[in-house]
Amino acid sequence: MAEEITTTEEKTVDKDIAALLTSPPKRAPEPTPELTGKIVKPKIVQGAAAHYKPHVAKPEIQEKLGFPGTLVENWQEAAVAKMRELLGKYKSLQVYMDICVRCGSCTDKCQYFLSTRDPKNMPAGRAELFRQVYRKYFTTEGKIFGKLAGAVDFDLSLLAEWYSYFHQCSQCRRCSLYCPYGIDTAEISMAAREIMDSIGLGQKYTNEIIGKVHELGNNLGMNEAALRNAIEFVEEEIEEDTGVPVKLPINEEDAEVLLVTPSADFFATPHLESLVGYAKVFHQAGINWTLSTTAAEAGNFGMFVGSYYHMQKIASRIKQAIEELRPKRLVVGECGHAWRVAYAFWNTLIGPFDMLNQKYPRPQHICEFTLDLINRGALKIDKSANDEFVVTFHDSCNVARATRMGDKPGGQFDIPRELIKAVTNKYVDMEYDTIRERTFCCGGGGGLLTDELIDVRVKGAMPRMQALHNVMETHGVNFMALICAICKAQFTKIMPKYGIPMEVAGGVHQLVGRAIVLGAKE
């Protein structure tokens, strides 16, 4: 009889594992939230978002990155050991585990809770899934009193919740801004994903892209021939449109500027329009610049999965390009998380940048670079070229809450706005509580920009769509300027579901490119 019980238990566990590793079934699209112009605190609905989960990475994707191909047999033991490693490595993570008092300040700050109504999408509720395991295995009271102390065994049911809810966090850190203790929930989400990867439960979208960067050098998986063809296409389009032969140099040695931009800029609308804008800036200012086939990707999905190893490996391509091409300056294109990695991590991962001109010893954002040229009179601007637009600006979360631009506090907010106002005549900000450091995420960041999570993305965009709807109704806004590749991809996909044309979303340098007057300098 004991043998039969054991066999039944094993079959049940195997079935649970299979369910965990199986991709979610296709579901009918869920209703899009109504645009009322208001962001309302919702009534709680337990488990409302439990069914959302991204596709699980296949063994070949996992193994390329050095992770187990599938869930390891002793996964509980391995997960607890990895948590112990991370708690020892990152003192902040240990502190975040101990200091939350469940005050509720973060509750209504997360776009995913506001839209899904699931309490486990409250930042504290999501982090509680991590803390339950922490208390069970790393605190005296948890080991003795168990559930009475909020400690829970790390079983398959809890692991399934980890996989679902930690992939409904875009790591935007808005909750951290309002937390009286400064708990960084993004760091907790990163740690949870790193633990899951280490036991063989990785997300297909992020891990497949990391593998593409390691193999081909960019998120899109374009080889060098495809990249060169895309650049030639852009050159032809600019000349056909303007009559001016604007070039996009590639792999030029000893250039003044190496531009590192997201690979989406080479491929899709509205990203391409920003690439055109960059090229026009360099051309008209007479600056010797270059792109690189080695560093053809500014994005770094290693951050989304919490892996400093993969962050460094991806970033190493930037250092390699600098060593190969010997540029004097390093400029980063329009990408939110890429600028966060460049600003906050590159100096540690691949620095110091002693090989650059020490007048410009750090990476610069393209907005900072372009605004400086305009302010110095190096570019002639015709603002009327954008008179068809009433423009607003969406602060990308990684730029807003994790970086700076220029040499003054708040530059990450002021410089993009000053640049927009320098090339347009009509600008208006969205509501106070939805901009600058208080900005809402686009809803697709942090590794969520994948089709099987489209319902989460549509819901997550709700607060930004409400604020945009308000200024469209009250001020006639018809263009939302962006400085993030993920924001561009997200908004152009989900805005039509809210009845807003995808053309309303575009890049800041799309506006710059329209306003630059090409030709002989005065």
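Cut-offs used in this document
Residues numbered from 1 in each chain as written. Predicted model: local features only at pLDDT ≥ 70, side-chain atom pairs only at ≥ 80, totals over all residues. Heavy atoms only, no water. Pairing = 2+ DSSP bridges. Helix = DSSP H or I, 4+ residues; strand = E, 2+ residues; numbered from the N terminus. Axes fitted to C-alpha atoms, helices over the stretch in contact; angles between N-to-C directions. Contact = heavy atoms within 4.5 Å. Buried < 20%, exposed > 50% of the residue type's maximum accessible area, 1.4 Å probe, protein only. Right-handed = clockwise from strand over helix to strand, strands pointing away. Polar contact = N/O pair within 3.5 Å; in protein donor to acceptor, adjacent residues only side chain to side chain. Parallel < 35°, antiparallel > 145°, perpendicular 65-115°, else oblique. Left-handed = near helix turned anticlockwise from the far one by under 90°. Nonpolar A, V, L, I, M, F, W, Y, C, P; charged D, E, K, R; others polar. Expected span 1.5 Å × (residues − 1). Phe/Tyr/Trp six-rings, centres within 6.5 Å; stacked < 30°, edge-to-face > 60°. Lys NZ or Arg CZ within 6 Å of the ring centre and 35° of its normal. Core = buried A, V, L, I, M, F, W, Y, C linked by side-chain atoms within 4.5 Å. Domains from an automatic or database assignment.

(A) Region of the structure containing the sheet that holds strand β6 (residues 479-482). Sheet architecture is open: three strands sit in the order β5-β6-β7, paired in parallel fashion. For this open sheet the edge positions go to β5 (391-393) and β7 (505-507), each flanked by a neighbour on one side alone. For this sheet, the mean inter-axis angle between neighbouring strands, taken without regard to orientation, is 40°. Pairing of β6 with β7 involves three bridges; the strand directions are parallel. Within the sheet, the bridge partner assigned to leucine 482 lies in β7 and is glycine 507. Those strands touched by helix α23 (residues 508-515) are β5, β6 and β7, and its axis lies near 70° from that of β7.

(B) Unusual backbone geometry, seen in detail. Cis geometry is adopted by the peptide bond preceding proline 270, which originates at threonine 269 and carries an omega value of 5°. Positionally, proline 270 belongs in the loop between β1 (257-260) and α13 (271-285). In this chain, glycine 351 is followed by proline 352 through a cis amide linkage whose omega measures 0°. With respect to the secondary-structure elements, proline 352 resides in the loop between α16 (346-349) and β4 (364-365). Even without being glycine, arginine 436 reaches a positive phi, approximately 55°.

(C) The arrangement of the pairing of β6 in detail. Going residue by residue along β6, you find Phe479 and Ala481 tucked away on one face and Met480 and Leu482 tucked away on the opposite face as well. Note: β5 against β6, three bridges, orientation parallel. Across the sheet, the residue bridging to valine 391 is phenylalanine 479, located in β6. In this view, the connection linking β6 to its parallel neighbour β7 by way of helix α22 (residues 485-494) has right-handed handedness.

(D) Layout of the side chain of serine 292. If you trace the backbone, serine 292 turns up in the loop between β2 (289-290) and α14 (308-325). Polar contacts involving the side chain of serine 292 include one to the main-chain amide nitrogen of threonine 294, which spans 3.0 Å. There is a polar contact of 3.0 Å between the side chain of serine 292 and the backbone nitrogen of alanine 295. Once you skip the residues sitting within four places of it in the chain, serine 292 turns out to touch Ile250, Asn251, Leu258, Ala321 and Leu325.

(E) The packing of helix α17 (residues 366-375) against α23, seen in detail. At a minimum axis distance of 11 Å, the contact between α17 and α23 shows a crossing angle of 25°. Between α17 and α23, the interaxial angle falls into the category roughly parallel. As α17 packs across α23, the resulting crossing turns out to be left-handed. For the pair α17 and α23, contact is made by Ile366, Cys367 and Thr370 and by Val508, His509 and Val512, respectively. Classifying every residue of the contact of α17 with α23 gives four nonpolar, two polar and no charged.

(F) Here's a closer look at helix α11 (residues 204-216). When the terminal C-alpha atoms of α11 are compared, their 18 Å separation across 13 residues agrees well with the 18 Å that a helix rising 1.5 Å per residue should span. If you check which residues of α11 are buried, you get Tyr205, Thr206, Asn207, Ile209, Ile210, Gly211, Val213 and His214. As for α11, its buried residues are in contact with α2 (59-64), α10 (185-198) and α14.

(G) Spotlight on the packing of aromatic side chains. For the structure shown, the criterion picks out 13 aromatic pairs. Between phenylalanine 389 and phenylalanine 479, the ring centres sit 4.9 Å apart and the planes meet at 50°, which makes this aromatic pair tilted. With a gap of 90 residues between them, phenylalanine 389 in the loop between α17 and β5 and phenylalanine 479 in strand β6 connect regions that are remote in the sequence. Its relative accessible area of 10% is what places phenylalanine 389 among the buried residues. In this structure phenylalanine 479 comes out as buried when scored by relative accessible area, which is 0%. Taken together, the ring pairs in this structure connect Trp75, Phe130, Phe154, Trp162 and Phe166 into an aromatic cluster. Lysine 109 extends its terminal NZ or CZ atom over the ring of tyrosine 178, reaching a point 5.0 Å from the ring centre.

(H) The arrangement of the sheet that holds β4 in detail. Read from one edge of the open sheet, four strands run β2-β1-β3-β4, paired in parallel fashion. Edge positions in the open sheet fall to β2 and β4, since each of these has one partner strand only. Across two bridges, β1 lies against β2 in parallel orientation. Within β2, the position partnered with leucine 258 by the bridge is threonine 290. Packing against the sheet, α14 makes contact with β1, β2 and β3 (329-332), and its axis sits at approximately 155° to β1.

(I) The nonpolar core, seen in detail. With 164 residues, the main nonpolar core has Phe130, Trp162, Trp346, Met465, Leu468, Phe491 and Met495 as its most contacted residues. Here the element with the most residues in this core is α13; it accounts for eight residues. Counting only domains with at least three residues in this core, you end up with domain 1 (48-202) and domain 2 (210-515).

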